[in-house]
2 protein chains.
Amino acid sequence: MRFGVNYTPRSGWFHSWLHPDPVRTVEDLAAIRALGADHVRVFPLWPLLQPNRTWIDPGSVDDLMAVVDAAGDAGLRVSVDVLQGHLSSYDFLPSWVQSWHRRNLFTDPQVVAAEAELVRVIAGELAQREHADGLCLGNEFVQFAASRHPEPQVLDESGARAWLRTLLGAAHAVWPDGQAVHSFDDDVWFDDSQPFTPRLATGLGDLTTVHSWVFGGVGPRYGTDAPELVWFARYLCELAAAWGPGRAIWLQEIGAPVSYVSPGRSPDFLRRTVDALCGAGGGTPAPGLGSITWWCSHDVSRELADFPEIEYSLGLLDGDNRTKPLGEAFREATVTHHAVSAPPLPVGGAATDRSVWDVPLSPDGADRSSTSPSNGLFDDWVRSALAGDVPALRAVNV
Amino acid sequence: MRFGVNYTPRSGWFHSWLHPDPVRTVEDLAAIRALGADHVRVFPLWPLLQPNRTWIDPGSVDDLMAVVDAAGDAGLRVSVDVLQGHLSSYDFLPSWVQSWHRRNLFTDPQVVAAEAELVRVIAGELAQREHADGLCLGNEFVQFAASRHPEPQVLDESGARAWLRTLLGAAHAVWPDGQAVHSFDDDVWFDDSQPFTPRLATGLGDLTTVHSWVFGGVGPRYGTDAPELVWFARYLCELAAAWGPGRAIWLQEIGAPVSYVSPGRSPDFLRRTVDALCGAGGGTPAPGLGSITWWCSHDVSRELADFPEIEYSLGLLDGDNRTKPLGEAFREATVTHHAVSAPPLPVGGAATDRSVWDVPLSPDGADRSSTSPSNGLFDDWVRSALAGDVPALRAVNV
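In every chain, residue numbers begin from 1 and rise along the written sequence. Chains and ligands are labelled sequentially in the order written, the chains with letters from A and the ligands with numbers from 1. In view of the model being predicted, local features appear only for residues whose pLDDT reaches at least 70, and side-chain atom pairs are presented and counted only at 80 or more, with totals across whole chains, interfaces and linings using the full set of residues. The basis for every side-chain value is the complete set of non-hydrogen atoms in the structure, without hydrogens or water.

## Notes on the relation of the copies chain A and chain B
A least-squares fit on C-alpha atoms brings the copies together, and the residues used are those whose pLDDT is at least 70 in both copies. The two copies are related by a screw motion: chain A maps onto chain B through a turn of 180 degrees and a shift of 0.0 Å along the axis, at an RMSD of 0.0 Å. The operation mapping one copy onto its partner corresponds to a two-fold rotation axis. The position closest to the rotation axis in chain A is occupied by the C-alpha of leucine 18 of chain A, lying 3.5 Å away. An overlap of 100% is found between the interface residues of chain A and their copies at the interface of chain B, pointing to a shared contact surface. Whether two residues are in contact is decided by their heavy atoms: any pair within 4.5 Å suffices.

## Things to note about helix H11 (residues 325-337) of chain B
All names here are of chain B. The numbering of helices and of strands both runs from the N terminus, where a helix is a DSSP run of H or I of at least 4 residues and a strand a run of E of at least 2. Take the number of residues in a helix, subtract one, and multiply by 1.5 Å to get its expected span. Its 13 residues place the ends of H11 18 Å apart at the C-alpha level, agreeing with the 18 Å of an ideal helix rising 1.5 Å per residue. Within H11, burial applies to Leu326, Gly327, Ala329, Phe330, Ala333, Thr334 and His337. Looking straight down H11, one finds its buried side chains confined to an arc of 155 degrees; they lie on one side. Turned more than 90 degrees away from the buried face of H11, the exposed residues are Pro325, Val335 and Thr336. Tucked into the core, H11 has its buried residues touching strand S1 (2-6), helix H10 (266-278) and strand S10 (289-294). Partly exposed describes any residue whose relative accessible area lies between the buried limit of under 20% and the exposed limit of over 50%, with all areas from a 1.4 Å probe on protein chains only and scaled to the type maximum. Note: the arc covers the axis-to-C-beta directions of the helix.

## Some words on the interface of chain A and chain B
Each partner contributes to the interface: chain A provides 38 residues, whereas chain B provides 38 residues. Definition used for salt bridges: Asp or Glu carboxyl oxygen within 4 Å of a side-chain nitrogen of Lys or Arg. Summed over the shared surface of chain A and chain B, the number is four salt bridges. We define a polar contact as two N or O atoms separated by no more than 3.5 Å, with the added condition that, inside protein, one atom must be a possible hydrogen donor and the other a possible acceptor, whereas residues neighbouring each other in sequence contribute only through side-chain atom pairs. At the junction of chain A and chain B, the tally comes to 26 residue pairs in polar contact (both at pLDDT 80 or more). At the level of secondary structure, the elements contributing two or more residues to the side of chain A that touches chain B comprise helix H2 (46-49), helix H3 (58-73) and strand S5 (90-91) of chain A. If you tally residues by element for the side of chain A that touches chain B, the top one is H3 of chain A, at three residues.

## What about the sheet that holds strand S6 (residues 132-136) of chain A?
Strand pairing in a sheet relies on backbone hydrogen bonds. The paired strands run either parallel or antiparallel. All names here are of chain A. Sheet architecture is open: eight strands sit in the order S7-S6-S3-S2-S1-S10-S9-S8, paired in parallel fashion. Strands at the two margins of the open sheet, each flanked by one partner only, are strand S7 (179-181) and strand S8 (208-212). In this sheet, neighbouring strand axes are inclined to one another by 25 degrees on average, regardless of whether the strands run parallel or antiparallel. Bridge analysis of S8 against strand S9 (residues 249-254) gives five bridges, and the strand direction is parallel. When the sheet's bridge partners are listed, serine 212 is paired in S9 with isoleucine 254. Pairing between strands is defined by DSSP: at least two bridges between the two strands are required. Whenever a helix is involved, its axis is fitted only over the stretch in contact; in every case the axis is a line through C-alpha atoms, and angles between N-to-C directions fall within 0 to 180 degrees.

## Digging into the packing of helix H4 (residues 109-126) of chain A against helix H5 (residues 157-174) of chain A
The angle between the axes and the distance between the axes are what describe a pair of packed helices. Residues and elements named next belong to chain A. Here H4 crosses H5 at 30 degrees, and the two axes come no closer than 8 Å. In terms of axis orientation, H4 runs roughly parallel to H5. Like other packed secondary-structure pairs, H4 and H5 cross with a definite hand, here right-handed. Facing Val112, Glu115, Ala116, Val119, Arg120, Ala123 and Gly124 of H4, the residues of H5 in contact are Trp163, Thr166, Leu167, Ala170, Ala171 and Val174. When its residues are assigned to classes, the contact of H4 with H5 shows nine nonpolar, two polar and two charged. Convention used here: angles under 35 degrees read as roughly parallel, angles over 145 as roughly antiparallel, angles from 65 to 115 as roughly perpendicular, and any remaining angle as oblique. Crossing handedness is read from the near helix: turned anticlockwise from the far helix by less than a right angle, it gives a left-handed crossing, and turned clockwise, a right-handed one. In this classification, Asp, Glu, Lys and Arg are treated as charged, Ala, Val, Leu, Ile, Met, Phe, Trp, Tyr, Cys and Pro as nonpolar, and every other residue, Gly included, as polar.

## Some remarks on the pattern of salt bridges
Using the criterion set out here, one finds 62 salt bridges over all chains in the structure. In this structure, the salt-bridge partner of aspartate 306 of chain A is arginine 103 of chain B, at a minimum N-O distance of 3.3 Å. Placement of aspartate 306 of chain A in the loop between strand S10 (289-294) and helix H11 (325-337) and of arginine 103 of chain B in the loop between strand S5 (90-91) and helix H4 (109-127) is noted, with the two residues assigned to different chains. Judged by relative accessible area, which is 18%, arginine 103 of chain B ranks as buried. Of the charged contacts, one joins aspartate 185 of chain B and arginine 148 of chain B as a salt bridge, the two residues approaching to 2.9 Å between their closest N and O atoms. Here the residue aspartate 185 of chain B occupies a position in the loop between strand S7 (179-181) and helix H6 (186-190), and arginine 148 of chain B occupies one in the loop between strand S6 (132-136) and helix H5 (157-174), the gap between them amounting to 37 residues. What emerges from the salt-bridge pattern is a single network uniting Arg2, Asp38, Arg77, Glu130 and Asp133 of chain A.

## Some thoughts on the sheet that holds strand S9 (residues 249-254) of chain B
Residue and element names in this part refer to chain B. Pairing is parallel across the open sheet formed by eight strands, whose spatial order is S7-S6-S3-S2-S1-S10-S9-S8. Looking at strand neighbours, the two that pair on one side only are S7 and strand S8 (208-212), the edges of this open sheet. Neighbouring strand axes in the sheet, compared pairwise and without regard to direction, differ in orientation by 25 degrees on average. Bridge count for strand S3 (residues 77-81) against S6 is four bridges, and the pairing is parallel. Bridge pairing in S6 links valine 80 to leucine 135.

## Observations concerning the nonpolar core
The definition of a nonpolar core used throughout is a set of buried Ala, Val, Leu, Ile, Met, Phe, Trp, Tyr and Cys residues joined through side-chain atoms within 4.5 Å. Phe196 of chain A together with Phe196 of chain B are the most contacted members of the largest nonpolar core, which totals 269 residues. Phenylalanine 196 of chain A has contacts with Phe106, Val142, Ala145, Leu155, Ala160, Trp163, Leu164, Val188 and Arg368 of chain A, leaving out every residue within four places of it along the chain.

## Describing the environment of proline 363 of chain B
Residues and elements named next belong to chain B. Relative to the helices and strands, proline 363 resides in the loop between strand S11 (356-361) and helix H12 (376-386). According to the relative accessible area criterion, proline 363 is partly exposed, its value standing at 30%. Discounting chain neighbours no more than four positions away, the residues touching proline 363 are Arg199, Trp243, Asn397 and Val398.

## Section: the packing of aromatic side chains
Two rings from Phe, Tyr or Trp (for Trp, the six-membered ring) form a pair when their centres sit within 6.5 Å of each other. Planes less than 30 degrees apart are called stacked, planes more than 60 degrees apart edge-to-face, and all others tilted. Scanning the entire structure with this criterion turns up 52 aromatic pairs over all chains. A centroid spacing of 6.1 Å and a plane angle of 75 degrees characterise the contact between tryptophan 231 of chain B and tryptophan 381 of chain B, whose relative ring orientation is edge-to-face. Residue tryptophan 231 of chain B is found in the loop between helix H8 (218-222) and helix H9 (232-243), and its partner tryptophan 381 of chain B is found in helix H12; the two are separated by 150 residues along the sequence. These aromatic residues form a ring-pair network of at least three members: Trp13, Phe14, Phe43, Tyr90, Phe92, Trp295, Phe307 and Tyr312 of chain A. The ring centre of tyrosine 312 of chain A lies 4.1 Å from the NZ or CZ of arginine 302 of chain A, which sits over that ring. To sit over a ring, a charge needs its Lys NZ or Arg CZ within 6 Å of the ring centre and within 35 degrees of the ring normal.

## Side note on the packing of helix H1 (residues 22-34) of chain A against H3 of chain A
All names here are of chain A. The N-to-C vectors of H1 and H3 enclose an angle of 40 degrees; their axes lie 9 Å apart at closest approach. In terms of axis orientation, H1 runs oblique to H3. Crossing geometry of H1 relative to H3 is assigned as right-handed. Of the residues in H3, those in contact with Thr25, Val26 and Leu29 of H1 are Val67, Ala70 and Ala71. Residue composition of the contact of H1 with H3, grouped by class: five nonpolar, one polar and no charged.

## Some points on the side chain of glutamine 50 of chain A
Residue and element names in this part refer to chain A. Note on placement: glutamine 50 falls in the loop between H2 and H3. A distance of 2.8 Å separates the side chain of glutamine 50 from the side chain of tryptophan 46, its partner in a polar contact. Among the polar contacts made by the side chain of glutamine 50, one reaches the main-chain carbonyl oxygen of alanine 114 at a distance of 3.0 Å. Other than its neighbours up to four places away in sequence, glutamine 50 contacts Trp55, Ile56, Pro94, Trp96, Ala114 and Leu118.

Structure follows, in structure tokens:
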């Protein structure tokens, strides 16, 4: 099991891209490495990389690669999310797709061509770096297509598939060995109206990514510090395995939001979440799970306003690079579980040490809300898990 | 008469703020000075200056002041537009007022407080510089309140007045000697629904600004290269004097858009426009007019996509800092007219060398569309002007 960290710079958050401070970057990455992390996920801002549709700022690409290389020098492997896009409640879009220039982010041919060009440029840079693992198209970029978005982009699943294929193809074309993936939030798994569907989530890209946030469904349902919450990441991994059997899974985001995890209990939340994922105590690890990447490295500074309250305390490190109790728990988890090797395939019909539950799923995702924490499946599943049997899920097409 | 230029960097346009090139900046400003300009208007980008509501990036402020000081070193006086905001069809808003964080730019108390803080910081920097004349709140920032805007901000005239007073007051508080103004497009003069009204345009700020673009009304009405077009800037100045008698006027933007001025005729358009403003041939200059600032210094590079076609050829200089025929005409105009001194007050009821026309105007601007080029007043006015009598306009309240 690989353990990593989503890198949120301690000074200036991602606004630090405006005037990067190489010394602080090196300090941050050393502190992350000292937590036992073996990799980081790095997030540039799209408007800075590509301020005009046909112009990528070489200085901003250089700034990004300087951080990538600093991570490599710190002994960390690196993945870059290209299109941000969206981070911690804030949307970052270049002016050429907004307001008077508003165009569909997923279906406008010129916009998609420009996005693909940016992916190509970043992939081309990363391909030259031994310490780079791959790229992700963008952090939960598909939230722009969610019906709950304030200014939703309109498209259908066919458009979503075409967009993913174009951008993933752009990465593979220049970096065949690079791992190209895409990422998304709960809506893809649970919102019947989201045009990005579970079969796209688990059918395109070199592996399946999972972002696990208890504030979405299980927190409101079960309440703060409920024992069910630590099983949500595992549940998402099982669901991902049901939709995409045989795929490797990367738990790309998991964090302890203060809204549903009491501050003093976040280390315990981390330990128990990782235990659940890794099959601690003789159980089976989540099928295909190879990496766990914590959100995030550093607390957002109180100098910065208007973040959701949770963002100010999600870090493993504080604003002075001191390890928080949550960071200590992370370090211990990396030691305890680094030797865990998840089974490469999800459990099928063969003999198994755990139950296998058939889940009726429509391949087009039209009834995916039936698997959300607000419906019965999760209730039953987590009850079983808490009782010692962690059911595998197997999709039955309906 | 002072002549200046709106500075549009030749390399990277305003995206050059991402990675400023001091050598190119010095070259650009020297070329502008060589055109006979005595001042420049400088445009930072709001999202770079203030990426979070409570955090102004000191590096971006330094970048701005480096350009201000380079202009001073080149022998140019400087005014800075603080909130961009809006430039050449592109809107630039920080993430903290967009999408999930959308808030009213003019009436949300926290947003306005942040804007005022940015004005204060920039004013405080400029106050220390002998070569700085003043600041403008932002380039046509009030377009965000226009009903034709794709995502219009809702407010009334009372809210508009309060916003202007707060921000202009912020500038004056730290820089009492600095000239603090605001700017706007045709809508303020001609659109009955624009909450920023002519009486705010001509009642707040240290002088009245005028932006003259023939593509708005007179171009479509009279056609390309029509002789009426060169009188539009003068008409706007006369209208500004009618609304705000006794105020100094700064023609802050005037340009030759290829959509209505044939490329080969742009030097003639410039000459005749400036002649009309300055009362060439024995006439009266526009009342109160003290400065003419051409839009713009440099053509937008064809490397940059999606600008309105006109933006690629508005410059006095080309992408290699060579003076275009339009720039030669500008230089000649500065020589011909620099000694012109406009009468400080608009013509009243006293004896005059020209007609005075009474214009019925409702003080609240509710019928201001009656003065637009699509109605009869401008037709009559320009006919008289072309015949040799340039009527002064006098508001009669109705």
